[in-house]
Amino acid sequence: VHRLEQIVMAPLTSWDVAGQVDPSAAGVWVADAGQLAKICAIGVRIRKGVAIHGIALNVPNDLSFFDLIVPCGLAGRAVTSLGKLLGERCPSMQAVKAGVARCFLDAFGNAPEPDVKAYPPPAGYSASHSAAEVSAFDVRACASPHPPRS
């Protein structure tokens, strides 16, 4: 989970957004209107000994839907998005996906190859971006300047 936080924070710097962690709540947080606001939720599920991780980075979404729920079970905590923070300078969804994917590959690219036959992808799965699309995205700092939390 901490590595996923670092992976999300790294490409945010490309858009001059300083992500940070909050020791009391998983995810990526940024300064917004004088308070910390969650810009990325991270989820984990473990089933039959297999961990599945997911991230939800708010890019150009309608934040009013968060008024209908208690996001991540954190009452009174703000939620924000790249769209809200950057306005017209907000990167496209494709650019954000490519940036996060590039940093993900940098973080996990040297990991041993998994036995993909043991865990086949779900029916209908297809990769969103080719390797060329991902590597074409230039992120200023995939090696996050923030040290991992212990």
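Each value, and the rule that gives it
Residues numbered from 1 in each chain as written. Predicted model: local features only at pLDDT ≥ 70, side-chain atom pairs only at ≥ 80, totals over all residues. Heavy atoms only, no water. Helix = DSSP H or I, 4+ residues; strand = E, 2+ residues; numbered from the N terminus. Patch = residues over 30% accessible without salt bridge, like charges linked within 9 Å, V, L, I, M, F, W, Y side chains within 5 Å. Areas by Shrake-Rupley, 256 points an atom, 1.4 Å probe, with all protein chains shown as cover. Salt bridge = Lys/Arg side-chain N within 4 Å of Asp/Glu carboxyl O. pLDDT = per-residue confidence, 0-100. Contact = heavy atoms within 4.5 Å. Buried < 20%, exposed > 50% of the residue type's maximum accessible area, 1.4 Å probe, protein only. Polar contact = N/O pair within 3.5 Å; in protein donor to acceptor, adjacent residues only side chain to side chain.

A. Just unusual backbone geometry, in detail. With a phi angle near 55 degrees, Asp-16 is a residue other than glycine that sits in the positive phi range. Within the element layout of this structure, Asp-16 appears in the loop between α1 (2-12) and β1 (20-22).

B. Quick look at a nonpolar patch on the surface. Taken together, the side chains of Val-1, Val-44 and Ile-46 present a nonpolar region at the surface, about 270 Å² in accessible area. Residue position: Val-44 is located in strand β3 (residues 35-47).

C. Inspection of the confidence of the model for the chain at higher detail. Model confidence for the chain is summarised by a mean pLDDT of 77, while 73% of its residues fall at 70 or above. When mean pLDDT is taken per element in the chain, helix α2 (residues 82-86) scores highest with 95 and helix α4 (residues 131-136) scores lowest with 36. Scored below 50 in pLDDT, residues 125-150 makes 44 contacts in the model with residues more than four places away or belonging to other chains.

D. Main features of the side chain of Asp-32. Following the sequence through the fold, Asp-32 ends up in strand β2 (residues 25-32). For Asp-32, a relative accessible area of 11% gives the class buried. At 2.9 Å, the side chain of Asp-32 and the side chain of Lys-84 are in polar contact. Ignoring sequence-local partners within four residues, the contact set of Asp-32 consists of Ala-37, Thr-80, Lys-84 and Leu-85.

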